Every structure is written in structure tokens, then in C-alpha cells.
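The chain contents come next:
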Amino acid sequence: MTSKAPITNLLVANRGEIARRVFRTCRELGIATTAVHSDPDAAAPYVREADAAVRLPGAAPADTYLRADLIVRAALAAGADAVHPGYGFLSEDAGFARAVLDAGLVWVGPPPAAIAAMGSKTAAKRLMAEAGVPVLGALTEPTEADLPLLVKAAAGGGGRGMRVVRSLADLPGALAAARAEAAKAFGSDEVFCERYLPAGRHVEVQLLADAHGTVWTVGDRDCSLQRRHQKVIEEAPAPGLPAQVRAALHAAAGQAAKAIGYVGAGTAEFLLTGDDRFAFLEMNTRLQVEHPVTEAVTGLDLVALQLAVAEGERLPPEPPAPRGHAIEARLYAEDPAKDWQPATGTLHRLELTSPYQEFTGAGLRLDSGVAAGGEITPHYDAMLAKVIAWAPTRAAAARRLADALARARIHGPATNRDLLVRALRHPAFLAADLHTGFLAEHAAGLTAPDTEGVGRAALAAALADAAARRGAFPSGWRNLPSQPQLRRYRAADGTETAVRYRLTRTGLAAEDHPDTELVEAAPDRVVLSEGGLRRTYRVARYGDRVHVDTPAGGTALTALPRFPDPVVRTDPGALLAPMPGTVVRVTAAVGDAVTAGRPLLVLEAMKMEHRVAAPADGTLVELRVTPGRQVETGTLLAVVRPTEA
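Only a predicted model underlies this, so the values are computations on that prediction, with no experimental measurement involved.

A. Examining the nonpolar core more closely. I7, L10, L11, V83, F96, I233 and F429 are the most contacted members of the largest nonpolar core, which has 97 residues in total. In terms of residues, this core owes the most to one element, helix α11 (residues 394-407), which gives 8 residues. Among all residues touching I7, those that are not within four sequence positions of it are I31, D81, A82, V106, V108, L307, A310 and E311. Membership of the second largest hydrophobic core comes to 28 residues, among which are V454, L459, A467 and L557.

Listed below in C-alpha cells is the structure:
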């Protein structure tokens, strides 16, 4: 586990944002870096930033980042003397840790025995109960009184292999689906049931321990805002906890670490109920995605401490006390209004108004695994970046983070940016009324389309387009009266907006915005005034895609042809693939009578499963795919013939 010799060359057995994060600390410490990459990641930013890189042939994680033998071989070939696992993939695989150590390399993580002890959630709960840590017990024979239930994979996390069950009749199907997903994701189909507490809070404690008996509990975090059991917004410290509850959580986390001889960075996760009781959920034997908020409030570099512990150094007796408040938002390439459907394509721009400043100045930090011009593929997680804000108070941190996200210029696939901004500004969030069902409870308001904003953005896009074709309009420019110009745009929610305007001697005449005046128009910038209120719109176009940004947020539009060709209509019962992905399960057969909403098949994309359901009551008359088939967006999957009224 430890080494007296300093680490000189570190291989990160991971990709994307976490690889860049580890490399950044290595550069500061003077440690050489080695990356591994799949074929789709060959040009990724983290590969370019590493001192050396080793190709892992293939695209699927099972062929690349989950191949312990290839990664160990890569480390030896590159002359690395240590391996950092990051998070996900093999980071909590005891066999991988043993293989690294057996190869004579330093493992920047906990002992394999500690990883193995926490590797099964069911075994971990038994071990923690024996150590006196409160646990939420597994249910071997659930009854109606136990409903609702949560089916969980024993060997993994991240929302995979998890199903909520509200009726015992649905339990067999949920168990089968969870087992299949767990086996594919974690190599084990073991699942278990526990009570589902939709109003519980998810609070975790950051751990750091050395090989000399010192165990730190480095503050706590609230990670309750989740979608599909995956975290979206995290913060430190967890707000609103009574002092005695916080102290008990830290004590329980310390007990958990000592019970298994833990060394390195890890996290003990707990579920809190409304009566301030808590129960152990699991221990993540690695660095967490949300570690930056703990770094923000403590001033620590947790990666640097991981490396120091791996080199055998001693920790000081106590960690620094937290100061201020930090909140992290995960920016995903997905559409929350379409059941969190992931999005792929070219990321043209990802730009915050303030760059990463180590929580000085603007108090903002951007941790990202992508860069402008890169492709967002269906092979990996949909997270584009983590945006973190620090401020002296929680309210100030939330305001700072919401403003930074709103002002960000994000051009490319759909993202959850608007949902993040609305959540951070929501009265319930600001009041710290947090629970794991928060996003579902407030979904209507968090995902509602901004019709008025789309209309103004479309007008700005049309005027910018006119300026690009004719040259910039000088201030006060007037044209002769003419027929209205027509431009049509499609918004992200599929609705179409028609913009009709004229530029006359008396100024701009826009049918849907009669009180709007044109102040200035250029191909990339439009200034409009309405009722004396002036707004500036920044416009960027990529083919037929137009992005319009204001300090209040951004709008993505698709420019439609002025004179569209006749459209070939799709059969209303045809089900097309909403995204590129792999068919993992088919749950119906040709000839089946189906009801609206019944799942017919399941697609996997970006580490998530997505159900494709019948659009109406009817009969399944065509099924074009089988399990294992890879499909592109728009592929015909099945056809349902609706029942005649």
C-alpha cells in the first residue's frame, strides 16, 4: 500500500475530468503523468495534457478502461511507478488493486482488503452493523408494509442496477431488470431490497486516513438533489444539520473506516430521515466526483493528500476546519424535459464568464473533461463538467453559482443548465428543504419551457442572420417599407416559432414584438430595446443550429428553411431511436397487444438505461431490433398499430 520512495510517474487508470484533475496536481508536485485512452478518447484533452499516453484498443469500457491487465501492462510499458484509479471503472475493484501491487507499482488507494470489505453493499451493511454503525437493513422477504422498496445492486452504484418498486406485483420484474443491469455494469448480478425513503436526505462524510493510524473526517456534504439516483447538485457543509447529528455522523464514519483498517481517501454515505436519525448506505473506497466542494471549504488538495498517503507520509492530527460554503453543479449533456434523455454531438463552446481561479476573485471553479470542438459520444457518462462556487455563506454561493451557469456560453448538445439554474434559485433549495425526491417534486417548474424567452431569442437570431447577409446595421439605420421578412425556428422542446419583421423608416416592426426597437445588429450581436429596457443578445451559428446568449441564460434554436420541401411523414405508430445506443432488452413480441406507456425495449446510452414505450394502445406489428444491436438516432425500432376507436 505504501512506499518510502517518492512517486515519479503516475498513470491514471481513468479518463475525462478526473484524469485532468489528477494530472493538474501532478504538474504542481513535479510528477510525470501517463494517460490511457480508448479509441474515441484519442484526441481528448486529458490525453493531450499527459506526458505520455497508451492506447487501449476499442471503444466499449469492457474492452478498455475495465481491462485491468491492459492497464497494468500500460503502466509498466510507460515506466510509471504508481497508479491512481480515479472514480468509476476499476476504482473500487479489489482485484485491480492487487494486480497493481503485484506488479510492483504503488496503488494510490485503500488496501485491497478494505475495498473488498466494502465491495458488496450487503456484506458492508453487516460489517458496519457489527461495528456499531446504524444501518438500513436489507429486506429478505418484503411485504406490503415495507413498500415502497428500492432494489439495489450489491456491487456498484451511480444509479445503475436500481429500481423503485411501489407494488409487490412489480417486484419480480424489477429484480430481473436490476440483476441484468448490475451484471452488465459491475460483473455481479447480486441485488437486494431495502425500504425506499423518497423524502430522505443523502449526506456523506469525507474520510482520509494514513497508514499510521490517523483517520480524518474532513467535513460533510449534502448530495440529496439527484436524478435517477445519480447526484446533480452537491454542497459542503451539509446545511441545517443539528450539531449533535453532525457530530454523530462524523463519529460513525470514523468508526466505519477504523473497522476495516482504511487507508487513503474515501467517503461514508448515509441516509437521513426527517427525525434526524441516519443509517449507513455504503462506503465509496475512492475519491468522489464531488470532492471539490470539500477542497473549497477546507483549502486542501485531496489528490495531493492521496499521493502523500500512498508514499507513506503521516497526516497531521486533525484536518483544517471548514470555512464558508461551496456548491457544485454537474453539467450533463441531457434533456431533463425528455426524461433526462442524453444528448450527443459536437460541443462547439463551453465558456464561463470567469475562468478557474482557485476560489479567489470570482470564487468559481470549472472541472471539465471536454473542450470546444470535441465530440460528445454515447460511449461514456453524460457529464460535461462540474461548476463549483465558493462564498462566505450558502446563499451567496448559490447566487454565485446560478449566475455563472446562466451566463455561461454552452453551444452544442442539449444540457441540464436551465434546470440547474432554476434549482439553485428555487425557494425550497434556498431554504435547505432538501431530499432525494426534490427534482421529481419540483419537475414541472424546473423544466417548463421559457416561451417568452424563446420568442425574443428567435427575433435576435433573425436580425443577426439578416446582418450577416447584408452587413451590420449602423445605429439608427432605416429601410424602406417592404413585405415582412419571415424566419422560422424550432426550439429545444420541438415547438416552432415564426418571426415576421420589417425594417422601416420608423424602425423595427416585429409582429409578435410591436414595442421592440432595434438599437444595433451585427452577425454575432443584437441589441434590442423594449419599453426602455435594453437587452443584448450574443448570437452564434453552427450550420442550422443557432445559440442565443444573454446574462439571464441561453437559448438553442434550429433554423428552418424559409420554403420547406414537402415532409415525408412518419407513421404515427413508428418508434424511432431517440439517441444512439445499444438495445439491451426487448420486453415485447410481435403480435402483443400493448397499452400506451408499456415498455417495449430498453436502450443503453451514456451509462444509463432508457425505456422505449408504446405511444398508444394497440398491437405491436413490427420489431426491428434484438438485444445487442447498436442503433443510431432515428433508427426504426418498432411499429405499433393503434387500436381503432
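Now, onward.
B. Up close: helix α7 (residues 171-186). Helix length check: α7, at 16 residues, gives a terminal C-alpha distance of 21 Å against a target of 22 Å (1.5 Å per residue), a fit within 8%. Where α7 is concerned, the buried positions are L171, A174, L175, A177, A178, E181 and A182. In this fold, the buried residues of α7 make contact with β6 (149-153), β7 (163-165), β8 (191-195), β32 (581-586) and β35 (608-613). Positive backbone phi, approximately 80°, marks G187, located one or two places after α7.

C. Quick look at the sheet that holds β8. With antiparallel pairing, 3 strands are arranged side by side in an open sheet as β7-β6-β8. Pairing within the sheet leaves two strands with one partner each, and these edge strands are β7 and β8. Adjacent strand axes in the sheet meet at a mean angle of 30° when their direction is disregarded. Both β6 and β7 contribute to a ladder of 3 bridges, which runs antiparallel. Bridge pairing links L149 to V165 in β7. The strands that helix α6 (residues 121-130) touches are β6 and β8; relative to β8, the one it contacts most, it runs at about 55°. Contacting β6, β7 and β8, α7 crosses the sheet at an angle of about 25° to β6.

D. How the structure looks around the confidence of the model for the protein. Summary statistics for the protein give a mean pLDDT of 91 and a share of 94% for residues scoring 70 or more. Note that residues 355-360 has pLDDT below 50 and, in this model, 18 contacts with residues that lie over four places away or in other chains.

E. Focus on the pairing of strand β28 (residues 533-542). Pairing of strand β27 (residues 525-530) with β28 involves 6 bridges; the strand directions are antiparallel. Looking at β28, one finds that E530 is bridged to L533. Counting the residues between successive antiparallel strands, the hairpin from β27 to β28 contains 2 residues, one of them, G531, with a positive phi of roughly 60°. Pairing of β28 with strand β29 (residues 545-550), which is carried by 5 bridges, proceeds in the antiparallel orientation. Across the sheet, residue Y542 finds its bridge partner in β29, namely R545. Count of turn residues in the β28/β29 antiparallel hairpin: 2 residues, of which G543 carries a positive phi of about 65°.

About the criteria used
- Residue indices follow the written sequence of each chain, beginning from 1 at its first position.
- Where totals are concerned, whole chains, interfaces and linings use all residues; where local detail is concerned, this predicted model gives features only for residues with pLDDT of at least 70, and gives and counts side-chain atom pairs only at 80 or more.
- As a rule here, side-chain values cover all heavy atoms of the structure and leave hydrogens and water aside.
- What we call a nonpolar core is a set of buried Ala, Val, Leu, Ile, Met, Phe, Trp, Tyr and Cys residues that are connected through their side-chain atoms within 4.5 Å.
- Type-normalised accessible area, obtained with a 1.4 Å probe on protein chains alone, sets the label of each residue: buried when under 20%, exposed when over 50%, and partly exposed for intermediate values.
- Helix and strand assignments come from DSSP, with helices taken as H or I runs of at least 4 residues and strands as E runs of at least 2, each series counted from the N terminus.
- Should any heavy atoms of two residues lie within 4.5 Å, those residues are considered in contact.
- Multiplying 1.5 Å by the residue count of a helix minus one yields the expected span of that helix.
- We treat two strands as partners when DSSP finds at least two bridges between them.
- The axes used here are C-alpha line fits, helices contributing only the stretch in contact, and every angle between their N-to-C directions lies in the interval 0 to 180 degrees.
- In predicted models, pLDDT denotes the confidence assigned by the predictor to each residue on a 0 to 100 scale.

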